[in-house]
Amino acid sequence: MARTGSEPATARSALRARLWLSVWGVAWAIFGTAAFALVGRPGWAAACGVLWLVATADLVMILRHIRQGPHYQPGRDVPPYPPADGGGPRRVRRPPQHGHP
């Protein structure tokens, strides 16, 4: 796929995968905070506590994005901006479809 210059505005993320990775991170951060606090390592417990806060903030943002629902994304045949020559809409060349047996 050719670059169009609009990638940051049209970027997509696998939110469900990020959700589960964030939940996994929160669980391990909670475990680490508790474990290091129980064995008397306050520095490591504090570090895991900070990681817990960061992972929780990420989890909240991911849930917010999921609840917002999908946003309008133009199709592949819609150019991201009008052509510079002022002509009509561009046609996007698609690769040929090969029917292999």
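Residues numbered from 1 in each chain as written. Predicted model: local features only at pLDDT ≥ 70, side-chain atom pairs only at ≥ 80, totals over all residues. Heavy atoms only, no water.

Caption draft 1: Representation of helix α3 (residues 42-68). Across its 27 residues, α3 extends 39 Å between first and last C-alpha, which sits within 8% of the 39 Å expected from 1.5 Å per residue. Of all the positions in α3, only Ala45, Cys48, Gly49, Ala55, Leu59 and Ile62 are classed as buried. In the core, the buried residues of α3 are packed alongside α2 (15-38). In the segment just after α3, Gly69 is the residue with positive phi, at about 80 degrees. (Helix = DSSP H or I, 4+ residues; strand = E, 2+ residues; numbered from the N terminus. Expected span 1.5 Å × (residues − 1). Buried < 20%, exposed > 50% of the residue type's maximum accessible area, 1.4 Å probe, protein only. Contact = heavy atoms within 4.5 Å.)

Caption draft 2: Representation of the confidence of the model for the chain within the structure. Mean pLDDT over the chain stands at 80; residues scoring 70 or higher make up 60%. Ranking the elements of the chain by mean pLDDT puts helix α1 (residues 7-10) last with 60 and α2 first with 95. (pLDDT = per-residue confidence, 0-100.)

Caption draft 3: Structural view of the side chain of Ser22. Secondary-structure assignment places Ser22 in helix α2. If sequence neighbours within four positions are ignored, Ser22 has contacts with Ala55, Asp58, Leu59 and Ile62.

Caption draft 4: Structural detail: the nonpolar core. Formed by Leu19, Val26, Ala55, Leu59 and Ile62, the largest nonpolar core amounts to five residues. Looking at which element gives the most residues to this core, the answer is α3, with three residues. Leave out the neighbours within four places in its chain, and Leu59 touches Leu19, Ser22, Val23 and Val26. (Core = buried A, V, L, I, M, F, W, Y, C linked by side-chain atoms within 4.5 Å.)

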